[in-house]
Protein chains: 2
Amino acid sequence: MGLSFSKVGIVGGTGGMGEWFANFLEKQGYDVYPVGRSTELTPKMMARLCDVVVISVPIPVTIQMIQTIGPFVKERRLLMDLTSIKQKPLEAMLAHTDAEVVGVHPLFGPVENAEGQRVAICQGRGNSGLKWVKKVFDTGKLKILEMEPKEHDRLMGLIQGVNHFSTLGLAHCIRSSGFSIDEIEKCSTSTFKRRLDRIYKLLEQPADLFGSLLIDNPESLNYIRLYRDVLNEMIPIIENKDHDAFQKLFYSLRGE
Amino acid sequence: MGLSFSKVGIVGGTGGMGEWFANFLEKQGYDVYPVGRSTELTPKMMARLCDVVVISVPIPVTIQMIQTIGPFVKERRLLMDLTSIKQKPLEAMLAHTDAEVVGVHPLFGPVENAEGQRVAICQGRGNSGLKWVKKVFDTGKLKILEMEPKEHDRLMGLIQGVNHFSTLGLAHCIRSSGFSIDEIEKCSTSTFKRRLDRIYKLLEQPADLFGSLLIDNPESLNYIRLYRDVLNEMIPIIENKDHDAFQKLFYSLRGE
């Protein structure tokens with residue numbers, strides 16, 4: 001017999017991906033109880049009340065929140081998170097609750113319509129919760145990627161860590177160049193304009209979101225160092241004006 | 001009395017931006033004579049014949065082409081180029097012809113409709129040629145940026161040099177990570193997917209195009225080194241898990 005997952009509480013449900021997930025579930029007919037700083041409902045009250053408890057708070061406070069409310073989520077219920085790293089939150093959830101556990105990472109921002117977007121799912125404990133999570137994302141027409149938490153975090157060290165690190169580095173380089181942003185804007189190629197737009201979008205978001213992706217996923221540092229190392233390999237080619245070596249590198253990146 | 005610029009010859013006029021410029025001018029009613037590897041018309045013949053001679057060959061052979069045909073472009077005519085660097089081609093044009101000289105760099109790729117796109121123009125010698133160049137781009141509704149060649153190359157060292165260098169570095173990092181491109185593709189966030197698309201587009205193009213932007217614009221190396229330096233400044237913040245320092249850096253990039 002399957003378990004009943006009809007009441008879903010979301011800590012951090014009044015903003016960002018928590019709010020997105022609340023809307024997503026409400027469209028499917030679930031009773032959703034979002035908890036935020038200004039809601040009367042507290043995380044603990046919600047954890048006692050709901051069949052599914054979702055953690056969607058910033059990475060640095062995720063473990064702490066799991067420790068606080070995990071013990072209130074009873075057996076035969078489901079504790080899950082929406083964090084961009086998976087290993088540590090899963091370990092914490094397994095340690096601090098007897099409920100079923102699933103780790104989830106939607107690989108996109110809070111978009112109006114997430115059809116066709118991807119979501120990574122890591123199994124924790126139990127099958128009913130996992131089945132339910134897969135069902136709701138299936139119903140919403142998302143692409144589900146089941147993976148190991150360790151593997152997820154390694155991939156995200158590259159996909160999120162290096163990505164945001166290199167974009168922030170470009171912003172830092174522009175700011176350190178001595179050019180005004182007006183000069184740069186005025187003379188941008190169409191390709192560079194797209195990178196500027198990405199920088200502006202990134203800098204609009206909370207600092208700790210990116211700080212956490214770089215710092216709290218221990219795999220990020222490995223790939224950031226790899227990025228630094230390959231750049232250091234490329235620089236002498238330019239210093240030596242070595243067109244042949246550049247061509248060889250370029251072809252190797254093409255897989256030739 | 002203005003000079004007559006009705007017959008326009010383009011070396012490299014059968015591909016890339018040369019072909020784009022040929023179509024652009026033909027739409028405005030000019031007689032255009034494209035020269036390529038497979039045309040019967042040779043660069044020298046064309047240079048004798050035309051009122052405007054446009055150099056649109058890869059950067060590494062641009063100076064050589066200017067030296068070869070510059071002397072055949074007569075006084076009261078116009079020699080111009082479409083190269084992504086401006087200082088060296090301008091110096092070469094001024095040295096190897098008595099004609100009027102203008103340096104041009106369209107800040108976009110060969111697009112169907114270039115309305116609203118930007119084009120950098122550097123004055124070389126004479127006013128009639130410059131006036132003509134500005135008129136044709138004005139008529140095509142492009143945004144004209146008049147600038148010094150040295151300033152242009154400095155800006156492009158950042159806008160093209162660091163941009164392509166960091167993108168190639170990301171491609172190199174992905175290839176060196178041990179992940180297969182299928183794994184990466186499958187788990188990409190929407191932001192990372194856009195960077196992958198840019199990598200694929202870049203690697204489709206000729207290797208020497210990017211090699212030249214990085215190597216033959218001497219300003220590129222300066223900004224590539226600056227990029228390396230700011231990354232090396234950022235890495236200890238991550239190594240030390242210093243959320244406060246990260247936040248400070250993030251706010252400073254926002255201009256706060």
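Here the structure is shown first, and the text comes after it.
For the structure given in this document, a descriptive report is provided here. (Residues numbered from 1 in each chain as written. Chains lettered and ligands numbered in written order. Predicted model: local features only at pLDDT ≥ 70, side-chain atom pairs only at ≥ 80, totals over all residues. Heavy atoms only, no water.)

1. Concerning the pattern of salt bridges
Phase 1 of the analysis: Evaluation of the coordinates by the stated rule reveals 16 salt bridges over all chains.
Phase 2 of the analysis: The salt bridge partner of A:Glu219 is A:Lys150, with a shortest N-O separation of 2.8 Å. Within this pair, whereas A:Glu219 is found in helix α10 (residues 218–239), its partner A:Lys150 is found in helix α6 (residues 149–176), the two being separated by 69 residues in sequence.
Phase 3 of the analysis: In this structure, B:Glu146 and B:Lys134 form a salt bridge, with 2.8 Å as the shortest nitrogen-oxygen distance. Of this pair, B:Glu146 sits in strand β7 (residues 143–146) while B:Lys134 sits in helix α5 (residues 128–139), and the two are 12 residues apart along the sequence. (Salt bridge = Lys/Arg side-chain N within 4 Å of Asp/Glu carboxyl O. Helix = DSSP H or I, 4+ residues; strand = E, 2+ residues; numbered from the N terminus.)

2. Details of the packing of aromatic side chains
All names here are of chain A.
Phase 1 of the analysis: Within this structure, the stated rule accounts for 22 aromatic pairs over all chains.
Phase 2 of the analysis: Measuring from centroid to centroid gives 5.1 Å for Trp20 and Phe108, while their planes differ by 80 degrees, and the two rings are edge-to-face. Here Trp20, found in helix α1 (residues 16–27), pairs with Phe108, found in the loop between β5 (100–106) and β6 (118–125); they are 88 residues apart in sequence, far enough to count as distant. The two residues Trp20 and Phe108 agree in class, both being buried.
Phase 3 of the analysis: In textbook terms, an aromatic cluster arises when at least three aromatic residues are bridged by ring pairs, as seen for Trp20, Phe21, Phe24, Phe108 and Phe137. (Phe/Tyr/Trp six-rings, centres within 6.5 Å; stacked < 30°, edge-to-face > 60°. Buried < 20%, exposed > 50% of the residue type's maximum accessible area, 1.4 Å probe, protein only.)

3. Brief notes about the interface of chain A and chain B
Phase 1 of the analysis: In this assembly, 83 residues from chain A lie in contact with 83 residues from chain B.
Phase 2 of the analysis: Taking both partners together, chain A and chain B bury about 7600 Å²; carbon and sulfur atoms supply 70% of that area.
Phase 3 of the analysis: Three residues, A:Ile215, A:Ile238 and A:Leu253, lead the burial of chain A against chain B; their summed loss comes to 9% of the area buried on that side.
Phase 4 of the analysis: The interface formed by chain A and chain B contains 2 salt bridges. (Contact = heavy atoms within 4.5 Å. Buried area = accessible area lost by both parts, 1.4 Å probe.)

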